[in-house]
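Each chain, written out:
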Amino acid sequence: MEDKKCMLCPRRCEIDRTYQYGYCGESDIIRIARAAPHMWEEPPISGTNGSGTIFFSGCNLRCIYCQNHEIAVSHLGYAVSNDELCRIFFELQNQGVHNINLVTASHYANQLIPILQRAKGEGLHIPLVWNSSGYETVEMLRMLDGLIDIYLPDFKYINPQTAKDYSKAPDYPDVAKAALAEMVRQCGAPRHDLHTGLMTRGVQVRHLVLPGHAQESRQILWYLYRSYGNGIGYSIMNQYTPMPKMQSHPLLSRKVTAKEYANVVQYANQIGIENAYTQEGEAASESFIPEFSGRRQSH
């Protein structure tokens, strides 16, 4: 008898998702909360026409400050069949988006792989982006080898205690380090189209600066630069948005200050990071958070 205990993610919750929900909050039926062109990714990802972004329901990390909490923990979304999801890929491609951007899809990897293979075989020719928290097993990522063109992972924490406090995942630093190494092995340094500037392949690592954690941000950037130099892309983000439930938190109840963010960016420059995107001005706003209606949206 086939063992159906789910071991896809580092939680290894061993739940049979054919009839139960895993730590991610999902069964084995793919559900999505939004599918639409998205303009708020890095410039070489969004370009002029947007990234064809599909937000998958559920999450295996479930950070306490998550700005997408509506889909991460509240079961918002609707089920899609393999045929329907494949059609969504082509609908987005036909709208002129520059890539298909799969957001927080790790817990559906087993179901997604044959769909991605089918879509590519039927003429999906724009890059596939794997947009994730970075909390993924190397075994799962190896299943994606040859299918994914661009990895867009977070690197959230390097301090196990921070990871435990905010995501109940003290193993996050070690897991993310191993996951990133596998992503780089598969896709390497960022490559861009010479004419459009759009990213066609490679790894772009995101780090969200958290209020009160500038020192940890510097430690993360030093680890990344020491390990990969300018062989990866960097995104240093200041868009942390304090959600209502964080109002009483001693650190996460406020936005990142201009001084904190400038300190982190200055450090990146000092150690030699060149391929970095930064955010200027007031990036921390709920206007940057997509509306999750549970329906597909177009231009």
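Residues numbered from 1 in each chain as written. Predicted model: local features only at pLDDT ≥ 70, side-chain atom pairs only at ≥ 80, totals over all residues. Heavy atoms only, no water.

Assigned secondary structure in the protein chain consists of nine helices and ten strands. On C-alpha atoms alone, the protein chain measures out to a radius of gyration of 18 Å, which is about the 19 Å that the 2.2 N^0.38 rule sets for 299 residues. Along the three orthogonal principal directions, the C-alpha set of the protein chain runs to about 50 × 45 × 35 Å. For the protein chain, the proportion of its 299 residues judged to be buried stands at 57%. (Helix = DSSP H or I, 4+ residues; strand = E, 2+ residues; numbered from the N terminus. Rg over C-alpha atoms; globule rule 2.2 N^0.38 Å. Buried < 20%, exposed > 50% of the residue type's maximum accessible area, 1.4 Å probe, protein only.)

Before going further, it helps to spend a moment on the pattern of salt bridges. Using the criterion set out here, one finds 13 salt bridges in the structure. For Arg185, the salt bridge goes to Asp145, with nearest N and O atoms at 2.9 Å. With a gap of 40 residues between them, Arg185 in helix 7 (residues 172-187) and Asp145 in the loop between helix 5 (138-143) and strand 6 (150-153) connect regions that are remote in the sequence. The shortest N-O distance in the salt bridge between Arg254 and Glu260 comes to 2.9 Å. For Glu260, a relative accessible area of 14% puts it in the buried group. In this structure, a network of salt bridges that share partners links the residues Arg142, Asp145, Glu182 and Arg185. (Salt bridge = Lys/Arg side-chain N within 4 Å of Asp/Glu carboxyl O.)

Taken as a class, soluble globular proteins show a tendency for nonpolar side chains to be buried jointly. One finds Ile54, Phe56, Leu85, Phe89 and Trp130 to be the most contacted residues of the largest nonpolar core, which totals 78 residues. The biggest single contributor to this core is helix 7, with eight residues. Those residues in contact with Phe89 that sit more than four places away from it in its chain are Ile54, Ile100, Leu102, Ile115, Leu116, Ala119 and Leu124. Ile45, Val129, Leu152 and Met199 belong to the second largest nonpolar core, which has five residues in total. (Core = buried A, V, L, I, M, F, W, Y, C linked by side-chain atoms within 4.5 Å. Contact = heavy atoms within 4.5 Å.)

What follows concerns unusual backbone geometry. Within the chain, Glu14 stands out as a residue other than glycine whose phi angle is a positive 60°. Looking at where Glu14 falls in the secondary structure, it is placed in the segment before strand 1 (31-38). One non-glycine residue, Lys168, lies in positive phi territory at about 50°. The residue Lys168 is located in the loop between helix 6 (160-167) and helix 7 in this model.

Glancing now at the confidence of the model for the protein chain. Of all residues in the protein chain, 90% have pLDDT values of 70 or greater, and the mean over the chain is 91. Below a pLDDT of 50 lies the segment residues 284-299, which in the model reaches 51 contacts outside its immediate sequence neighbourhood of four places, other chains included. (pLDDT = per-residue confidence, 0-100.)

Turning our eyes to something else, we now look at the environment of Gly272. Within the secondary structure layout, Gly272 lies in the loop between helix 9 (258-271) and strand 10 (276-278). Taking the C-alpha atoms as reference, Gly272 lies 8.3 Å from Asn230; in sequence the two are 42 residues apart. Each residue touching Gly272, except ones within four places of it in the same chain, is listed here: Tyr225 and Asn230.

Counted residue by residue, strand 9 (residues 233-237) has five buried out of five residues, so it is predominantly covered. Burial of the side chains of strand 9 extends over both faces: Gly233, Ser235 and Met237 are buried on one face and Tyr234 and Ile236 on the other. Across five bridges, the pairing between strand 8 (residues 199-208) and strand 9 is parallel. Bridge pairing in strand 9 places His207 opposite Ile236. In the classification by handedness, the crossover that spans strand 8, the intervening helix 8 (residues 214-228) and the parallel strand 9 is right-handed. For the crossover that starts at strand 9, traverses helix 9 and ends in the parallel strand 10, the hand is right-handed. (Pairing = 2+ DSSP bridges. Right-handed = clockwise from strand over helix to strand, strands pointing away.)

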